[in-house]
Amino acid sequence: MRVLVTGASGFIGSAIVQELLANGHEVKGLVRSSEAAAALRQQGVEAIQGSIENTAVLREAGRQVDGVVHTAFFHSFAHAGWRAKLRIMLGGSFKHAPVRFMKAAVETDQHVIKTMGELLSSSGGSLVIAMPTMTMTAERQALEADAADIHSVGGPRAASEYTALAMAERGVHTSIVRLPPIVYGEGDRGGLLPSLIQSARKAGKSAYIHDGSNRWASVHRLDAARVFRLALEKGKGASRFHAVANEGIAFREIAGYIGEGLQVPTQSLNTEQASAHFSWLSSFAATDNPVSANATMQGLNWRPEQAMLQEEWAKGYYIQ
């Protein structure tokens, strides 16, 4: 199958590229930098350099492919193009800039999905979209059949899921692959786990909120990559899958790993203290997000094969 991967040089995207190549697929990769493009070419991947904001680049990248795996997203202000940056910075009060940033990121995401869906609709190709499990209703186990919840902590991104699934009505085999807040593995630099570690280093303590019983799910990046590949190959119509190995680890346990690794105390914080400690992460750090992957395991014949988070953490590279 000829497959385009957006965000092909990212922590998850690069694992997907390797998974696809190892299973006989021909891969194109859309990346932002010339360095990333050169690295892809060394792997035998057709590299296309450009922004996901550029319709002409998207159409060129998506031309003559059988499937698209879309992982690119504006996770930071630096990822946005200059037009989006101007809208974010000059669109109103500085206090509301984070809201404008997320709005711009989601609108760009929807633009990519619609463009790729249009290209694939004539051939009945496959479109696989990465989404966070934090778009699910909190405090109950999330199932694959559940729709994204606009009132969740990740609610703004629910619009992208709805846009993607609507592509199935145009004949595109559309799959949503939901990723847990902790996608781990060597080389993880920009995920939520490194962000928690950075907060603990800065504060001189590792923390959880109240009793820390809220749960975060997790998966190794290589296991997640297999879910994307299987969804691409087997997904039909409108499908939802969960790339989750551990359905939920108590947040206080995660904080304990970090505290022990950094050799700093681990302590409970109230809501006000947590806001100062975690900053933008505070609402996520307070969220209970247990996730089931039973339907994914059955539907895709998938099982996690890599080390679980506790075992992987013991390797020590997160604290180096």
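Calculation criteria
Residues numbered from 1 in each chain as written. Predicted model: local features only at pLDDT ≥ 70, side-chain atom pairs only at ≥ 80, totals over all residues. Heavy atoms only, no water. Helix = DSSP H or I, 4+ residues; strand = E, 2+ residues; numbered from the N terminus. Buried < 20%, exposed > 50% of the residue type's maximum accessible area, 1.4 Å probe, protein only. Contact = heavy atoms within 4.5 Å. Areas by Shrake-Rupley, 256 points an atom, 1.4 Å probe, with all protein chains shown as cover. Pairing = 2+ DSSP bridges. Axes fitted to C-alpha atoms, helices over the stretch in contact; angles between N-to-C directions. Core = buried A, V, L, I, M, F, W, Y, C linked by side-chain atoms within 4.5 Å. Phe/Tyr/Trp six-rings, centres within 6.5 Å; stacked < 30°, edge-to-face > 60°. 1 Å grid on protein atoms, 1.4 Å probe; cavity = no way out; pocket = protein on both sides within 12 Å on 5 of 7 lines; lining within 4 Å. Points joined across faces, edges and corners; volume = space filled by probe spheres on them. Nonpolar A, V, L, I, M, F, W, Y, C, P; charged D, E, K, R; others polar. Lys, Arg positive; Asp, Glu negative; His and termini not counted. Salt bridge = Lys/Arg side-chain N within 4 Å of Asp/Glu carboxyl O. UniProt positions renumbered as here; feature names shortened; annotations may be inferred.

A. Examining the overall build of the protein more closely. Scanning the protein from terminus to terminus reveals 13 helices and 12 strands. Across the 320 residues in the protein, those meeting the buried criterion constitute 54%. Partitioning the contacts of the protein with sequence separation of at least 6, the portion at a separation of at least 24 is 77%. Summed over its atoms, the accessible surface of the protein is roughly 14200 Å², and 50% of this surface lies on carbon and sulfur atoms.

B. Inspection of the sheet that holds strand β9 (residues 215-220) at higher detail. If you walk across this open sheet you meet the 3 strands as β7-β9-β11, and the pairing is mixed. At either margin of the open sheet sits one strand with a lone partner, and together these are β7 (182-184) and β11 (246-250). Neighbour-to-neighbour, the strand axes of the sheet open up by a mean angle of 35°, direction not taken into account. Looking at chain direction, β7 and β9 are connected through 3 bridges and run parallel. The residue of β9 that forms the bridge with Tyr 184 is His 220. Taken strand by strand, helix α9 (residues 251-262) contacts β7, β9 and β11, and its axis lies near 70° from that of β11.

C. A look at the nonpolar core. Counting residues in each nonpolar core, the largest one holds 41 residues, and the members touching the most others are Val 5, Ile 16, Val 69, Leu 179 and Phe 228. Those residues in contact with Val 5, other than ones at most four positions away along the chain, are Gly 13, Ile 16, Val 17, Leu 20, Val 27, Lys 28, Gly 29, Leu 30 and Val 69. Counting residues in hydrophobic clusters, the runner-up holds 30 residues, among them Met 134, Ala 207, Tyr 317 and Ile 319.

D. View of unusual backbone geometry. The backbone of Glu 139 sits at a positive phi, close to 70°, despite the residue not being glycine. Even without a glycine there, the phi angle at Gln 263 is positive, about 60°. Its location among the elements puts Gln 263 in the loop between α9 and β12 (266-269).

E. Layout of the packing of aromatic side chains. Enumeration according to the criterion identifies 6 aromatic pairs in this entry. On the basis of an interplanar angle of 80° and a centroid distance of 6.0 Å, the ring pair of Phe 251 and Phe 278 is categorised as edge-to-face. Taken as a pair, Phe 251 in helix α9 and Phe 278 in helix α10 (residues 271-278) lie far apart in primary sequence, 27 residues in all. Each member of the pair Phe 251 and Phe 278 is classed as buried.

F. Structural view of the sheet that holds strand β2 (residues 26-31). Spatially, β3-β2-β1-β4-β5-β6-β10 is the arrangement adopted by the 7 strands of the open sheet, whose pairing is parallel. Looking at strand neighbours, the two that pair on one side only are β3 (46-49) and β10 (238-242), the edges of this open sheet. If you compare each strand with its neighbour and ignore which way they point, the axes differ by 20° on average. Seen against the sheet, helix α6 (residues 158-166) touches β5 (126-132), β6 (173-179) and β10 and runs at an angle of roughly 155° to β6.

G. A look at empty space enclosed by the protein. All chains considered together, the criterion is met by 1 cavity of 30 Å³ or more. Taken as a whole, the largest cavity holds about 50 Å³ of empty space. When residues of the lining of the largest cavity are traced back to their parent elements, those giving at least two are α7 (192-203), β8 (206-209), α9 and α10. Per-element tally for the lining of the largest cavity: the top contributor is α9, with 4 residues. Split into classes, the residues belonging to the lining of the largest cavity amount to 8 nonpolar, 2 polar and no charged.

H. Region of the structure containing the environment of Asn 214. As for its position among the elements, Asn 214 is in the loop between β8 and β9. Considered as a pair, Asn 214 and Val 69 are 145 residues apart in the sequence and their alpha carbons are 31 Å apart. Every residue in contact with Asn 214, bar those within four places of it in the chain, is listed here: Ile 249, Ala 250, Phe 251, Ala 285, Ala 286, Thr 287 and Asp 288.

I. Looking closely at the side chain of Arg 221. One can find Arg 221 in helix α8 (residues 221-234). In this structure Arg 221 is buried but unpaired, with Asp 188 as the nearest side chain of opposite charge at 8.0 Å. If near-sequence neighbours (up to four positions away) are discounted, Arg 221 is found in contact with Phe 11, Ser 14, Ala 15, Val 183, Tyr 184, Gly 185 and Glu 186.

J. Examining the UniProt feature "domain: NAD-dependent epimerase/dehydratase" (unreviewed entry) in the protein more closely. Per the UniProt annotation, the sites labelled "domain: NAD-dependent epimerase/dehydratase" (unreviewed entry) are residues 3-79 and 159-236. Within residues 159-236, the helical portion is 44% and the strand portion 26%, while the C-alpha atoms at the span's ends are 21 Å from each other.

K. Inspection of the side chain of His 277 at higher detail. Tracing the backbone shows His 277 in helix α10. With sequence-adjacent residues up to four places away left out, His 277 is seen in contact with Ser 199, Ala 200, Ala 203, Lys 205, Ala 207 and Leu 269.

L. The arrangement of the pattern of salt bridges in detail. Evaluated as defined, the whole model comprises 13 salt bridges. Here Asp 223 makes a salt bridge to Arg 226, at a shortest N to O gap of 3.1 Å. Taken as a pair, Asp 223 and Arg 226 lie in helix α8 at a separation of 3 residues, close to a single helical turn. Summarising the burial analysis for this pair, Asp 223 and Arg 226 share the class buried. The residue Glu 305 makes a salt bridge to Arg 226 at a minimum N-O spacing of 3.9 Å. Here Arg 226 lies in helix α8 and Glu 305 lies in the loop between α12 (294-300) and α13 (309-313), a separation of 79 residues in the sequence. In the salt-bridge network here, residues are joined through shared partners; they are Glu 19, Arg 229 and Glu 233.

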